[in-house]
Amino acid sequence: MRTNLTISQLEAKANDIRKDIITMLEAAGSGHSAGPLGLADIFAALYFNVLNIRPQEPEWADRDIFFLSNGHTVPVQYAAMAEAGFFPVDELVTLRKFGSRLQGHPEREKLPGLENTSGPLGSGLSQAAGYAYSMQYIDEITNRFVYVVMGDGELNEGNIWEAAMFAGKNKLSQLVGFIDRNNIQIDGSTEDVMPLEDLKGKWEAFGWHVLEIDGHNIESIIDATSQARAITNRPTMIIAHTIPGKGVDFMEYDYKWHGMPPNHEQAKLALEKLRTLDGKITHEGAGV
Amino acid sequence: MSYPLNPSLFNDDVKQEPIRAGFGRGLKAAGETNELVVALCADLTESTQMHLFREAFPKRFIEIGVAEQNLVTVAAGLARAGKIPFTSSYAAFSPGRNWEQIRTTAALNNQPVKVVGSHAGVSVGPDGATHQMLEDIALMRVLPNMVVVAPGDSIEAEKATKLIAENGKPTYLRLAREKTPIFSTDDSPFEIGKAYVLREGADISLLGTGTMSYQLLVAANILAEAGINAEVVHVPTIKPLDEATILASARKTGRVLTAEEAQAAGGFGSAIAEFLGETLPMPIKRVGMKDRFGESGSPAELLEYFGMTGAGLAETIQEFVKIAPRYHQDT
C-alpha cells in the first residue's frame, strides 16, 4: 500500500517483519527461516510503498498484483500483510497450525490478499506474465503493475525460462520480477548445485531489462521499481542481492537455516538481536 | 423421454467427424457469447482446432510455443485476471507433461483453467505410443475441484465446450483425433455431470465414455441378435459422475461393463467400479488398455486389436454375461 513512511520508518517496518517471522516460526515449530528474513526489506518496500493495494479491500479492482513464486518464503509475506492491516498481527502465530488461514505454503482461497497458490517452484513468473498479458493486451490497462518474487534456486526450473521467453516475446512492460539472489539452496551454494551466472546476461538475452541492487537497501528497492515502471518496451527483472537470514547473525549465510525454524532459545536470542539492531541500540525503548 | 439418436447411426455412411472439430466450433461460439473467454495454444493451433477462435478473436488468442508448463500457468494468471482461459495441446503433453502445474495453479488454486487434451486414446494411430495418451483420465479425475469431460462425438463436444466456458471450474476436456461416428443430434441433451441412457435394456448395463459409447451402441445391436438385451449408458462427464443415472441402470440390469479408450487402471471404469463397489456391489467388467502402451497402426486396426470396436466389445460382453451373476436386490 502507498504510505508516507520515510526510508528509516520503512527500515523499522522491515525490522518488525523480521521479529514477526522469528515469532511465528518459533510458534510453528517448522518452516523456513533464512529466505523470509532475507526478503524482509523487499517486502517492507513492496507492502508499505510500492504496491498500490488496499488491505481493507483485497479484491479492489484497480490494485497492483503481487505473486509469490517461491511459496516457502511466505512467512515474510504473511508478516508484511499483517503489518499492513490485511489481518491481525496476532494471527501470525497460527502459521502452519491446523485450521489456520496461514498455510505452510500460501493458498489463495484461504486468505484474502493472496493472489496465487504456490509451493512447487517455478510457476509464479508464468502466472504473473499471464496477468500482465491480460492487462497489457486484452484489457489495455496501463496504470497497474504485476510484481513477482522468485528465489534464485528456483531458477533451476524449466518453467521459469518458458515464462522468461514468453514475457520477453510479448514485451510485458507492466511485469516486474524480483530474484532473491541469496546464493543458497537446499543442497548448498547455487553455483555448486546448478550455476546461474551469468544471471544478468541470461535475462538480458531473453529480452528483459535487468537491474542489480542491494536487496537490503530500501531506497534502492524503491528506485528500482520506479525505473522498472518507466521502461515501456520490456519486462524488468530486479536481481536483488540479499543475505540469507539477514538481521540474525547466527543465521546469516548459513544454509542449514534454509528449511529450519528457531527453537525457543534461538528465537529469544534472535529477537534480542533484532530489537537492539544487533547491539547497536543499548537502551531498548518501550513498545519494541 | 428417450435420447434422440442420429437416425442414420447404424448406416455404413453414418456421418463422421473428429471430436476436436466440435471443440473448435464450440470455442468460437463461447468466445462470441462471452468476451472473457481467451485461448492459449502450445504450437498446435490448427491441429487442436483453436484456429477458428484465433481467426475470430486474434486479440484473445495467445501463442505459447512448445511449452506446456507455461501453457497452463500463464492461463492460471489470466484466470486470476478474470479471464476464462482454454488451453490446448495433445493430451500426451497437456496434462501429460504439466500435471503438477495443473494440480497447484489450477486445481488447488481453484481457477477456471480449461485443459483441452486433444489426440487422446489409441485411435491417434500411426504416431504410436508416445502420442496415444491413455493415462489422462486417471491423472485428472483424482484432482479435487477438477471436472472431467470426454464427449462422445463432435456435436456433443461443441455443446460441452460452450458449457465448460461457463462452469467456473478447472476442467479437463478430452478429445479424440480421428473421425468419429456421430450418434447424437443437435436436439440431444447435454449437461455437465449428466449421463444419458442411449438404449434401454434389461440384461446388462454398458457404460461408455468418449468414443466408446458409439461402439457400445453397435455392440448392443449385435448382442440383440444373440438374444441379449443390453442397456447403453453414455457417460460423458467422468467427474462428477451422474450417480443417480448409473445406479438406476445398474440396479435394473444387475451387471455392468465399462468401455474407454484409456488405461483401465484408474480410469473411467475404475471410477464406476469405485462407485458401485461402495453402493451396490455387482459384477463389473472394464474394457480399456490393460497395463500396456499402444503402438503404431491405423486407428481401425488398433481399435480392433484392443477389442474396442462394436464387434470386439460384443464378444467380450457375451463372454462376461456367461460367467457374471446378476446382482439381486434381495442378496
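Position numbers for residues start from 1 in each chain and track the written sequence from start to end. Labels are handed out in written order, letters beginning with A for the chains and numbers beginning with 1 for the ligands. Residue-level local features of this predicted model are given only where pLDDT is at least 70; pairs of side-chain atoms are given and counted only at 80 or more, and the full residue set underlies all totals for whole chains, interfaces and linings.

Colleague: Now, about the overall build of chain B: what can you tell me, with residues and values included?
Modeller: Within chain B, the secondary structure is distributed over 11 helices and 14 strands. Radius of gyration means the value over C-alpha atoms here, while the globule rule gives 2.2 Å times the residue count to the 0.38 power. Taking 2.2 N^0.38 as the reference for a compact globule, 331 residues should give roughly 20 Å; the C-alpha atoms of chain B span a radius of gyration of 19 Å, in line with that estimate. If you line up chain B on its principal axes, its C-alpha atoms span 60 × 40 × 40 Å. Here contacts are defined at the residue level, using C-beta atoms placed from the backbone and a cut-off of 7 Å between them. In chain B, once contacts between residues fewer than 6 apart in sequence are set aside, the share between residues at least 24 apart is 79%. Numbering of helices and strands runs from the N terminus, with a helix taken as a DSSP run of H or I at least four residues long and a strand as a DSSP run of E at least two residues long.

Colleague: Before we move on, could you go through helix α3 (residues 68-80) of chain B and cite the residues and values that matter?
Modeller: Residue and element names in this part refer to chain B. Expected helix span is computed as 1.5 Å times (number of residues minus one). Counted at 1.5 Å a residue, the expected span for α3 with its 13 residues is 18 Å, and the 19 Å between its end C-alpha atoms agrees. Remark: C-beta atoms are placed from the backbone, and a residue is labelled buried if 20 or more other C-beta atoms sit within 10 Å of its own, exposed if 12 or fewer do, or partly exposed between those counts. For α3, the buried fraction is high: 13 of the 13 residues fall into the buried class. In the segment just after α3, G82 is the residue with positive phi, at about 95 degrees.

Colleague: Before we move on, could you go through the pairing of strand β14 (residues 284-289) of chain B and cite the residues and values that matter?
Modeller: All names here are of chain B. With respect to burial, β14 is a largely interior element, six of its six residues being buried. Strands were regarded as paired on the criterion that DSSP finds at least two bridges between them. Bridge count for strand β13 (residues 256-263) against β14 is five bridges, and the pairing is parallel. Among the inter-strand pairings, A259 is bridged to a residue of β14, identified as V287. Considered for its hand, the β-α-β crossover made up of β13, helix α9 (residues 268-279) and β14 is right-handed. When the strands point away from the viewer and the path from the first strand over the helix to the second turns clockwise, the crossover is right-handed.

Colleague: Now, about the interface of chain B and chain A: what can you tell me, with residues and values included?
Modeller: Contacts between the two partners involve 24 residues from chain B and, on the opposite side, 26 residues from chain A. At the level of elements, α3 and α4 (99-108) of chain B are the ones that each hand at least two residues to the side of chain B that touches chain A. Amino acids are sorted into nonpolar (Ala, Val, Leu, Ile, Met, Phe, Trp, Tyr, Cys and Pro), charged (Asp, Glu, Lys and Arg) and polar (every other residue, Gly among them). Among the residues making up the side of chain B that touches chain A, the classes are represented as 10 nonpolar, nine polar and five charged.

Colleague: Break down the sheet that holds strand β7 (residues 171-174) of chain B for me, with residues and values.
Modeller: Residue and element names in this part refer to chain B. With mixed pairing, the seven strands of this open sheet are ordered in space as β3-β2-β4-β5-β7-β6-β12. The outermost strands of the open sheet, each flanked by one partner alone, are β3 (61-63) and β12 (237-239). The average undirected angle you get between the axes of adjacent strands in this sheet is 20 degrees. Pairing analysis gives three bridges linking strand β2 (residues 37-41) to β3, with the strands arranged parallel. When the sheet's bridge partners are listed, A39 is paired in β3 with F61. Simply put, an axis is a line fit to the C-alpha atoms, just over the touching stretch for a helix, and the angle between two N-to-C directions goes from 0 to 180 degrees.

Colleague: Give a description of the nonpolar core that names residues and reports values.
Modeller: Within soluble globular proteins, side chains that are nonpolar generally end up buried alongside one another. A:F43, A:A44, A:A129, A:V146, A:I238 and B:L206 are the most contacted members of the largest nonpolar core, which totals 188 residues. Tallying contributions element by element places helix α3 (residues 40-50) of chain A first for this core, with nine residues. For the domains described, the bounds stem from an automatic or database domain assignment. Two domains share this core, each providing at least three of its residues, namely domain 1 (16-181) and domain 2 (196-322) of chain B. Excluding its chain neighbours within four sequence positions, the residues that come into contact with A:I238 are A:V176, A:G177, A:F178, A:L211, A:I213, A:A224 and A:A228. Linking buried Ala, Val, Leu, Ile, Met, Phe, Trp, Tyr and Cys residues through C-beta atoms within 7 Å yields a set, and such a set is a nonpolar core.

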